[in-house]
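Here are the chains, one letter per residue:
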Amino acid sequence: MPLDNVENSELKFSDKFKVLRIYLDSNNDNILEMAHTALIIDKEGSLFLLEKKNPGYPFQISEFNSLEDVLTYYNHIYKQEKEIYVNQEKAS
């Protein structure tokens, strides 16, 4: 996906649900490859992350205190150069 398309999508989101997308550098100029997508559910002061880490695995749900905690979690998993978007906004 060319970089200029990531922030300009026309998707609509609820305040309680957010889509997290992780893009990795494809080693091509100005091109990112989508590596992961997850759903963040905001409920009663906690963030619940719903994801499927592998097509053969069941869905997993994890609880976090903040978006910063979610980003730390993914920075630990994806150590290479990446961009993380929550809805249409760049988060990292």
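Computed from a predicted model, the values in this text were never measured in an experiment. (Residues numbered from 1 in each chain as written. Predicted model: local features only at pLDDT ≥ 70, side-chain atom pairs only at ≥ 80, totals over all residues. Heavy atoms only, no water.)

1. Remarks on the confidence of the model for the protein chain
Here is step 1: When the pLDDT values of the protein chain are averaged, the result is 84; 84% of them are 70 or greater.
Here is step 2: For the protein chain, per-element mean pLDDT is lowest for helix α1 (residues 3–6), which scores 52, and highest for strand β4 (residues 60–64), which scores 96. (pLDDT = per-residue confidence, 0-100. Helix = DSSP H or I, 4+ residues; strand = E, 2+ residues; numbered from the N terminus.)

2. Looking at the environment of leucine 32
Here is step 1: Within the secondary structure, leucine 32 sits in strand β2 (residues 32–43).
Here is step 2: Measuring from C-alpha to C-alpha, the distance between leucine 32 and glutamate 83 comes to 8.5 Å, with 51 residues separating the pair along the chain.

3. Side note on unusual backbone geometry
Here is step 1: Phi at glutamate 44 is positive, roughly 50 degrees, even though this residue is not glycine.
Here is step 2: Despite not being glycine, asparagine 87 shows a phi value in the positive range, around 55 degrees.
Here is step 3: By the element assignment, asparagine 87 lies in the loop between β5 (82–86) and β6 (89–90).

4. Quick look at the pairing of β2
Looking down a regular strand, the side chains alternate between one sheet face and the other.
Here is step 1: Both strand β1 (residues 17–25) and β2 contribute to a ladder of nine bridges, which runs antiparallel. The residue bridging leucine 24 from the neighbouring strand is glutamate 33, located in β2.
Here is step 2: Strand direction decides the pairing type here: β2 and strand β3 (residues 46–51), joined by five bridges, are antiparallel. From the neighbouring strand, isoleucine 41 faces β3, where its bridge partner is phenylalanine 48. (Pairing = 2+ DSSP bridges.)

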